[in-house]
Amino acid sequence: MDQLTETRSDLQSIYSVIVKGDHKIADPFKLDWTVTTSEASHKLPDVAEFDVTRKTTPVSPGGTYSPTPGSPGSFTYVAPAIITDTARTASESRVWTRNTDKDVSAYLNFHYDTKLFSRKAEFSFGGMFRHKTRANFNDAYSLYPTPDPTSVSGQQNFVSIPASKFGFTPPYNAQGSSFSDAGVYSFYENVQGAYAMLKYQATEKFDMIFGVRTENTFQHYDSSSNPALGGQSANISYTDYLPTINGKYNLTDVQAIRASWNQSIYRPTASDLIPFADVNADGVATTGNPYLQHTVVNNYDLRYEAFPGALDEFMVGGFYKQLTNAIEYQYVTQNASTYISPVNLGDANNYGLELVGKKYFGNFGLSANYTYTHSIITSTKKYEAIGLSTPIFVSQVRPLQGQSANVGNFSFLYKDAKRSLDAQLAFSYTGERINAVSQWKDLDIWEKPSLNLDFSAQKEFKKKYVLFVKVNNILNTPYELFIKQNNANNYSGVMRYFYQESPNYTTVEYDKFYARYSLGIRFKLY
């Protein structure tokens, strides 16, 4: 039996600066620009984990025999008691990690107002540049207890953590892991873009937008991983041409119908690309995929919208999305270890319905939104059954990983503009969704539906200071993962697993979270 003790310090900082300007050169020319820079750092200095082990021995005789689940005709001995031996000092680990993200971006837009066929038109063009960097450091040490010659067993009897003695076995482990750790890496991303756009008032009630933008992406990383494993460094480059068409028809002054089509992309991040085996606090191992392709999305939207009051709104619409090279997270096996890694398993299609509503009654209001999404992707899975000497490959249709069919929010609102006071009590519901894709048919890891309740309020003073309070997860909503497989053998009886809720599915993770409270003040320097 093991007893683990962990200590850690978690240090985080972030800053950002935004500078922008609007200039009217001469009728009808104008331009605007924005320059931003930000930096975020996260440090975990000396995450220490200390292990104490105790040998346990079942008392015999005096026990009973119970039928073994899943093995008809066999029985399992159940001891009447357990004898626990002296606590022994076991291993210790120490880990130092830190990372810094920096982002510098610049945007420049030119606008020209004119008339086209006697109707208002605005031509716009411009460009952008973004330079993004990430530096990551990881250094881990494993220590083992030194032998105790005064002990009968030769092992250290545990007294206290400070009294325990450790050494490096073998001695070269004292150099740590950083010299060959893939978690020591540098990454940068350059994105250059340009666009041209026309806003045109076709009639008194019908406005249109036509545009196209091009984006060139260049990503590079270097890591300290073992060169023999591959993926130590990489250059990734691609260019996309992304058109857009948007139309708006005004039914009345407060009602309109919108229709649009555009293309967008999703870029893999540094952690998605770099093959760094990272284990989080829950023991889940992840790694990047240097062969991952970026996702291109075709978006089709149709929406009716109405704004009957200054703060009131109602919208209903439908959408359809085609995702080429959709990125999902799958359990993969590398070098005899299992990780969750981003992969391209195929193209996906999402379509559905959206409803949004907000209504105020004086200072009090109600807000609600609901999204239904039907998601489809077909991927190849392994399948093993009685009578098959080796696994075969089959196609399985399923939802896109991370996509819930049902998502909804409902909020009670309070807004007092005179007193600069705002408050909100919000319910949010997320339906079941695939948390990680399995390589095997029908063995995907699903996340259970969740209902959360949050409260927030803020009060502004002298147009400069804001006092705020937040309470999250008031309902103590747990985080649960499960597999949609028969669980009868593990649900009840002497071999019952912990936290099993049903014989119809297997619970593989159950994390209990409690309410979080935040109280703070924000202020402006100008």
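Attention in this report is confined to the structure presented alongside it.

Procedures and definitions
- Residues numbered from 1 in each chain as written.
- Predicted model: local features only at pLDDT ≥ 70, side-chain atom pairs only at ≥ 80, totals over all residues.
- Heavy atoms only, no water.
- Helix = DSSP H or I, 4+ residues; strand = E, 2+ residues; numbered from the N terminus.
- Buried < 20%, exposed > 50% of the residue type's maximum accessible area, 1.4 Å probe, protein only.
- Contact = heavy atoms within 4.5 Å.
- Areas by Shrake-Rupley, 256 points an atom, 1.4 Å probe, with all protein chains shown as cover.
- Lys, Arg positive; Asp, Glu negative; His and termini not counted.
- Charge placed at Lys NZ, Arg CZ, Asp CG, Glu CD.
- Pairing = 2+ DSSP bridges.
- Axes fitted to C-alpha atoms, helices over the stretch in contact; angles between N-to-C directions.
- Salt bridge = Lys/Arg side-chain N within 4 Å of Asp/Glu carboxyl O.
- Polar contact = N/O pair within 3.5 Å; in protein donor to acceptor, adjacent residues only side chain to side chain.
- Core = buried A, V, L, I, M, F, W, Y, C linked by side-chain atoms within 4.5 Å.
- Phe/Tyr/Trp six-rings, centres within 6.5 Å; stacked < 30°, edge-to-face > 60°.
- Lys NZ or Arg CZ within 6 Å of the ring centre and 35° of its normal.
- Patch = residues over 30% accessible without salt bridge, like charges linked within 9 Å, V, L, I, M, F, W, Y side chains within 5 Å.

**A look at the overall build of the protein**
Point 1. When its secondary structure is counted, the protein shows two helices and 32 strands.
Point 2. Expressed as lengths along the three principal axes of its C-alpha atoms, the size of the protein is roughly 100 × 60 × 50 Å.
Point 3. For the protein, the residues scored as buried account for 31% of the 526 residues in total.
Point 4. Taking contacts inside the protein between residues at least 6 apart in sequence as the whole, the part at least 24 apart equals 64%.
Point 5. Surface accessibility of the protein: about 31300 Å² in total, with carbon and sulfur atoms responsible for 57%.
Point 6. Of the side-chain charges in the protein, 48 are positive and 49 negative, and the distance between the mean point of each set is 7 Å.

**A closer look at the environment of Thr-57**
Point 1. By secondary structure assignment, the location of Thr-57 is in strand β4 (residues 56-58).
Point 2. Taking the C-alpha atoms as reference, Thr-57 lies 64 Å from Asn-216; in sequence the two are 159 residues apart.

**A word on the pairing of strand β25 (residues 421-430)**
Point 1. Where strand β24 (residues 406-416) lies against β25, 10 bridges are found, and the strand directions are antiparallel. Of the residues in β25, the one forming a bridge with Ser-411 is Ala-426.
Point 2. Linking two consecutive strands that pair antiparallel, namely β24 and β25, is a turn of four residues; a positive phi of about 55° is found at Ser-420 within it.
Point 3. Relative to strand β28 (residues 450-461), β25 runs antiparallel, the two sharing 10 bridges. Looking across to β28, one finds that Ser-428 is bridged to Asn-452.

**Concerning the side chain of Ser-367**
Point 1. Positionally, Ser-367 belongs in strand β22 (residues 364-383).
Point 2. Excluding residues within four positions of it along the chain, Ser-367 makes contact with Gly-357, Lys-358, Asn-409, Phe-410, Ser-411 and Leu-413.

**Quick word on the sheet that holds strand β30 (residues 479-483)**
Point 1. Ordered in space as β26-β27-β30-β31, the four strands form an open sheet in which the pairing is antiparallel. The strands lining the two open edges of the sheet, one partner per strand, are β26 (433-436) and β31 (506-511). Neighbour-to-neighbour, the strand axes of the sheet open up by a mean angle of 35°, direction not taken into account.
Point 2. Where strand β27 (residues 445-447) and β30 come together, three bridges link them in antiparallel fashion. Looking at β30, one finds that Glu-447 is bridged to Leu-481.

**Thoughts on unusual backbone geometry**
Point 1. With an omega dihedral of 5°, the bond running from Asp-27 to Pro-28 counts as a cis peptide bond.
Point 2. Pro-170 follows Thr-169 through a cis peptide bond whose omega is -10°.
Point 3. Residue placement: Pro-170 occurs in the loop between β10 (166-167) and β11 (185-201).
Point 4. With a phi angle near 65°, Asp-46 is a residue other than glycine that sits in the positive phi range.

**Focus on the pattern of salt bridges**
Point 1. Tallied over the full model, the rule gives 22 salt bridges.
Point 2. The partner of Arg-88 in a salt bridge is Asp-85, with the nearest N and O atoms 3.8 Å apart.
Point 3. Each of the salt bridges in this network shares a partner with another, and the network as a whole consists of Asp-46, Glu-92 and Arg-94.

**Regarding the side chain of Asp-444**
Point 1. Relative to the elements of secondary structure, Asp-444 occurs in the loop between β26 and β27.
Point 2. Of the polar contacts made by the side chain of Asp-444, one reaches the side chain of Lys-381; its length is 2.9 Å.
Point 3. Of the polar contacts made by the side chain of Asp-444, one reaches the backbone nitrogen of Ser-438; its length is 2.8 Å.
Point 4. Once you skip the residues sitting within four places of it in the chain, Asp-444 turns out to touch Lys-381, Arg-398, Ile-434, Ala-436, Val-437, Ser-438, Phe-482 and Ile-483.

**Remarks on the nonpolar core**
Point 1. The biggest cluster of nonpolar side chains holds 13 residues, and the ones touching the most others in it are Tyr-185, Phe-187, Tyr-221, Ala-270, Leu-273, Ile-274 and Phe-276.
Point 2. Mapped onto this core, the elements with two or more residues apiece are β11, β13 (233-250) and α1 (270-273).
Point 3. No other element matches β13, which puts three residues into this core.
Point 4. Sequence-distant contacts of Tyr-185, that is, excluding residues within four places in its chain, are made with Arg-134, Ala-135, Asn-136, Asp-222, Ser-223, Ala-270, Ile-274 and Phe-276.

**Side note on the packing of aromatic side chains**
Point 1. The full count for this structure, using the stated rule, is 14 aromatic pairs.
Point 2. Taking the centre distance of 5.2 Å and the plane angle of 90° together, the rings of Phe-410 and Phe-412 count as edge-to-face.
Point 3. For Phe-410, a relative accessible area of 33% puts it in the partly exposed group.
Point 4. Taken together through their ring pairs, the aromatic side chains of Phe-50, Phe-158 and Phe-166 make up a single cluster.
Point 5. If you follow Lys-459 out to its NZ or CZ, it ends over the ring of Phe-461, 5.7 Å from the centre.

**Concerning the environment of Thr-5**
Point 1. Here Thr-5 lies in strand β1 (residues 2-7).
Point 2. In this structure the C-alpha to C-alpha distance between Thr-5 and Ser-260, which are 255 residues apart in sequence, comes to 55 Å.
Point 3. The residues touching Thr-5, leaving out its near neighbours within four places in the chain, are Ala-48, Glu-49, Phe-50 and Ile-161.

**Focus: a nonpolar patch on the surface**
Point 1. Among the surface-exposed residues, Phe-461, Tyr-465, Leu-467, Leu-519, Ile-521, Phe-523 and Leu-525 lie close enough to one another that they form a single nonpolar patch of about 790 Å² accessible area.
Point 2. Only β29 (465-472) and β32 (516-523) provide two or more residues apiece to the nonpolar patch.
Point 3. With relative accessibility at 54%, the residue Ile-521 sits in the exposed group.

**Considering the environment of Ala-81**
Point 1. Mapped onto the fold, Ala-81 is located in the loop between β6 (75-78) and β7 (82-84).
Point 2. Accessibility expressed as a relative area gives 37% for Ala-81, which makes it partly exposed.
Point 3. Residues Ala-81 and Met-197, 116 residues apart in the sequence, show an inter-C-alpha distance of 77 Å.
Point 4. Not counting the four nearest positions on each side in its chain, Ala-81 is found in contact with Thr-57, Pro-58 and Val-59.

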